[in-house]
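Residues per chain are reported as follows:
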Amino acid sequence: MNMVVCVKRVPDTAESEVHIDSSGKGIETGKLSFRMNDADNYAVEEAILIKEKIGGTVNVISIGDEKSDEQIRMALAKGGDEAVRITDPALEGSDGFALAKALAAAVKGMEYDLVLTGALADDDGCAVVGVALAELLGVPHAAYVKKVEVLEDGKRIKVGRELEGGLMEFLEMDLPAVLTIQTGINEPRYASFKGIKAAAKKEIAVKSVADLGLDPSEVGEAGSWAVLESFSYPVVGEKAEILEGDPAETAAKLAAILKEKGLV
Amino acid sequence: MKDIFVLMEHRRGELREVSLELLSGAAGLGGTVVAVLLGSGADDFAAKAAGLADKVLYVDDPMFENYNAEAYQKALSALIKEHGPGLVLMGHTGHGVDLAPALAVELGAPLVTDITGLEMDGDKPKPVRQYYGGKLDAHMVLKDADLYILTVREATFQAAEPSKSGEVVKVANPVSEDISYRKFVEYVEPEVGEVDITQSALLVGVGRGIREDKNLPLLEELASALGADLAASRAVVDAGWLPADRQVGISGKTVKPKLYLAVGISGAFQHVTGMKGSEFIVAINKDPDAPIFGIAQVGIVDDLLKVVPALTEKIKELKG
């Protein structure tokens with residue numbers, strides 16, 4: 001099974017304050033740490049699990065600057081075989097459609113049975129790239145996949161899609177196909193020391209938009225369906241009454257409120 | 001203004017609420033609202049849609065008993081080409097996400113997903129969507145086109161009372177090809193666990209903010225002192241720290257306890273959707289701008305590892 005996994009480097013904002021930068025279209029990243037997009041991490045693991053079970057190759061692709069090598073090398077360290085980084089200033093401002101075009105151009109040059117992406121990105125949360133990529137490649141797809149089983153002939157797969165309320169929708173599809181992988185499908189491993197050392201020596205092929213046979217106008221803002229005009233802070237209704245003091249004081253105040261409400 | 005197509009979403013014999021929300025929201029945008037129903041023996045859905053639509057296009061074919069992205073895409077693209085709407089709305093759901101990007105690529109129609117607000121500038125939508133788990137709103141500008149597609153977050157619009165009696169037009173299934181390359185198999189219900197959190201009066205919701213599973217006992221002690229059950233955000237379940245039957249949110253359960261104490265939960269909508277109906281919501285989080293403080297009545301902005309043990313002690317004292 002020849003597999004391609006798409007990974008993205010994203011800022012870790014789940015537990016951090018997010019501030020709009022002076023351009024109004026970006027965020028201040030100085031204090032943020034970066035990591036592999038959560039769902040992509042599960043996609044990498046799923047590809048490696050399939051490779052371990054039935055054999056094959058795992059090709060890693062990422063769009064981003066050289067800092068993305070950190071995430072690419074992590075995927076290689078866990079069991080990825082080869083890697084491509086698509087880097088080009090023309091990609092600035094790309095939406096999911098423009099990114100899918102760049103990925104499709106790269107994937108078309110590879111032998112693949114299965115392409116895996118994350119179900120959605122932690123930064124923009126669009127959930128567009130994987131399904132758009134499938135359409136551009138002209139292959140079937142399934143989104144929000146939380147179970148993958150390669151059927152015996154190796155030409156078809158059975159997948160479970162996670163719907164609202166945790167309901168699973170199972171379907172069978174032909175390969176090649178694109179799946180967008182949902183978090184929780186597996187337990188992503190930690191890279192071994194040996195794997196990290198080996199990955200550090202691997203070559204990451206760096207490709208520009210032109211190398212992929214695309215015109216710069218096909219990506220970036222020009223090649224996107226939509227562009228971000230501005231960010232704003234959400235309008236929050238009535239905000240919570242914030243209890244002031246050190247932990248002992250705030251805990252005492254909260255306990256008193258719960259008691260008053262008859263909850264203790 | 002051109003027509004607005006609204007895709008009716010149904011599953012296991014039920015028309016999903018988001019379909020009615022979108023019909024209601026579309027009514028305020030200005031164009032003729034056309035409900036598009038791909039179903040099998042779904043006359044009752046057609047009648048329901050007609051109460052909120054100016055017209056219902058209904059394809060009745062066994063192919064559409066269950067959702068299939070490939071069949072839906074082929075049917076919708078044919079209907080869109082024939083009728084020429086200016087806007088297509090569908091839910092940002094497990095179905096919509098699986099369908100919209102491929103349809104948009106095929107038709108060359110600009111798509112914006114998971115929108116939470118919408119205004120129109122003539123025929124052109126001006127959507128708002130969220131970034132960074134709801135910490136920022138993003139104002140999007142779409143490229144000029146004849147057709148736009150939007151997937152809309154559930155509960156963005158309120159479903160109105162039926163006030164129309166749109167004509168139901170049965171149309172022949174435009175899809176004749178074999179689509180066995182993607183075939184629906186079955187639905188499988190999530191497993192039932194030992195605690196049914198939808199029945200719990202008091203819940204301590206545990207989020208990513210606890211950082212490591214070795215901190216979980218702190219929350220267990222707090223829950224035990226309160227007589228509460230533990231609930232979890234998706235991140236905590238994905239990490240395997242608590243079982244899936246404890247998950248609250250879109251992909252998990254909807255709970256309405258007397259107390260929901262959210263600890264280390266930022267308040268992304270995926271979680272909030274499942275607990276915003278709680279009677280009293282308290283949040284402990286170190287990020288003062290975390291969206292959870294927008295729905296909580298009382299909050300503590302601090303390190304949960306310090307606050308939680310102190311709170312457990314205070315509760316124990318009060319209970320004697």
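Residues numbered from 1 in each chain as written. Chains lettered and ligands numbered in written order. Predicted model: local features only at pLDDT ≥ 70, side-chain atom pairs only at ≥ 80, totals over all residues. Heavy atoms only, no water.

**Remarks on the overall build of chain A**
Piece 1. Of regular secondary structure, chain A possesses six helices and 13 strands.
Piece 2. Here chain A holds 264 residues, and 57% of them are scored as buried.
Piece 3. Counting contacts in chain A only where the partners sit at least 6 residues apart, residues at least 24 apart contribute 69% of the total.
Piece 4. As displayed, chain A offers around 11,300 Å² of accessible surface, 50% of which is attributable to carbon and sulfur atoms. (Helix = DSSP H or I, 4+ residues; strand = E, 2+ residues; numbered from the N terminus. Buried < 20%, exposed > 50% of the residue type's maximum accessible area, 1.4 Å probe, protein only. Contact = heavy atoms within 4.5 Å. Areas by Shrake-Rupley, 256 points an atom, 1.4 Å probe, with all protein chains shown as cover.)

**A short note on the domain arrangement of chain B**
Residue and element names in this part refer to chain B.
Piece 1. Taken domain by domain, chain B consists of domain 1 (4–170) and domain 2 (197–319).
Piece 2. Each partner contributes residues to the interface: domain 1 has six residues there, and domain 2 has five residues.
Piece 3. For the pairing of domain 1 and domain 2, the buried interface totals around 470 Å² over both sides, and the portion due to carbon and sulfur atoms is 61%.
Piece 4. A per-residue breakdown of the area domain 1 buries against domain 2 is headed by G133, K135 and R153, which together make up 72% of the total.
Piece 5. Where domain 1 meets domain 2, there are one salt bridge.
Piece 6. In this structure, D287 engages K135 in a salt bridge whose closest nitrogen and oxygen atoms are separated by 3.0 Å. (Domains from an automatic or database assignment. Buried area = accessible area lost by both parts, 1.4 Å probe. Salt bridge = Lys/Arg side-chain N within 4 Å of Asp/Glu carboxyl O.)

**Describing the interface of chain A and chain B**
Piece 1. The interface is formed by 89 residues belonging to chain A together with 91 residues belonging to chain B.
Piece 2. Both sides together, the interface formed by chain A and chain B hides about 7,300 Å², and carbon and sulfur atoms give 59% of it.
Piece 3. Ranking the residues of chain A by area buried against chain B places A:E15, A:E164 and A:W225 at the top, with a combined share of 11%.
Piece 4. For the interface between chain A and chain B, the tally reads six salt bridges.
Piece 5. The partner of A:D38 in a salt bridge is B:R208, and the shortest N-O contact between them spans 4.0 Å.
Piece 6. Inspection of the chain A/chain B interface yields 40 residue pairs in polar contact (both at pLDDT 80 or more).
Piece 7. Secondary-structure elements contributing two or more residues to the side of chain A that touches chain B are α1 (38–54), α4 (129–137), β7 (141–150), β8 (156–162), β9 (168–174), β12 (226–232), β13 (241–242) and α6 (247–260) of chain A.
Piece 8. Considering every element that reaches the side of chain A that touches chain B, the biggest residue donor is α6(A), with eleven residues. (Polar contact = N/O pair within 3.5 Å; in protein donor to acceptor, adjacent residues only side chain to side chain.)

**Notes on unusual backbone geometry**
Piece 1. Residue A:P176 is bonded to the preceding A:L175 through a cis peptide linkage, with omega at 0°.
Piece 2. Even without glycine at this site, B:Y132 takes up a positive phi of about 50°.
Piece 3. With respect to the element layout, B:Y132 can be found in the loop between β8 (124–131) and β9 (136–142).

**Quick notes on the pairing of strand β17 (residues 298–301) of chain B**
Piece 1. Where β13(A) lies against β17(B), two bridges are found, and the strand directions are parallel. Looking at the pairing, A:E241 lines up with B:V298 of β17(B).
Piece 2. Summarising the sheet, strand β16 (residues 280–285) of chain B and β17(B) pair through four bridges and their orientation is parallel. Along β17(B), the bridge assignment pairs B:A283 with B:G299. (Pairing = 2+ DSSP bridges.)

**Comments concerning the packing of aromatic side chains**
We describe a pair of aromatic rings using the distance from one ring centre to the other and the angle between the two ring planes.
Residue and element names in this part refer to chain B.
Piece 1. Following the criterion strictly, the structure yields seven aromatic pairs over all chains and no others.
Piece 2. With 5.8 Å between their ring centres and 80° between their planes, F64 and Y72 make a pair best called edge-to-face. Exposure class is identical for F64 and Y72. Each is buried.
Piece 3. The ring of F269 has R153 lying over it, and the distance from NZ or CZ to the ring centre is 3.2 Å. (Phe/Tyr/Trp six-rings, centres within 6.5 Å; stacked < 30°, edge-to-face > 60°. Lys NZ or Arg CZ within 6 Å of the ring centre and 35° of its normal.)

**Observations concerning the sheet that holds β16(B)**
To summarise the sheet geometry, strands pair through backbone hydrogen bonds and adopt either a parallel or an antiparallel arrangement.
Piece 1. Pairing is parallel across the open sheet formed by six strands, whose spatial order is β13(A)-β17(B)-β16(B)-β15(B)-β13(B)-β14(B). At either margin of the open sheet sits one strand with a lone partner, and together these are β13 of chain A together with β14 (229–232) of chain B.
Piece 2. Alignment of strand β13 (residues 202–206) of chain B against β14(B), held across four bridges, turns out to be parallel. Looking at the pairing, B:G205 lines up with B:A231 of β14(B).

**Here's the deal with the nonpolar core**
Piece 1. Judged by nonpolar contacts, the single largest core of 62 residues is most densely connected at A:I86, A:V115, A:L137, B:L38, B:L76, B:M90 and B:I149.
Piece 2. In terms of nonpolar packing, the next biggest core, distinct from the first, is built from 44 residues, A:V18, A:L32, B:V6 and B:A53 among them. (Core = buried A, V, L, I, M, F, W, Y, C linked by side-chain atoms within 4.5 Å.)

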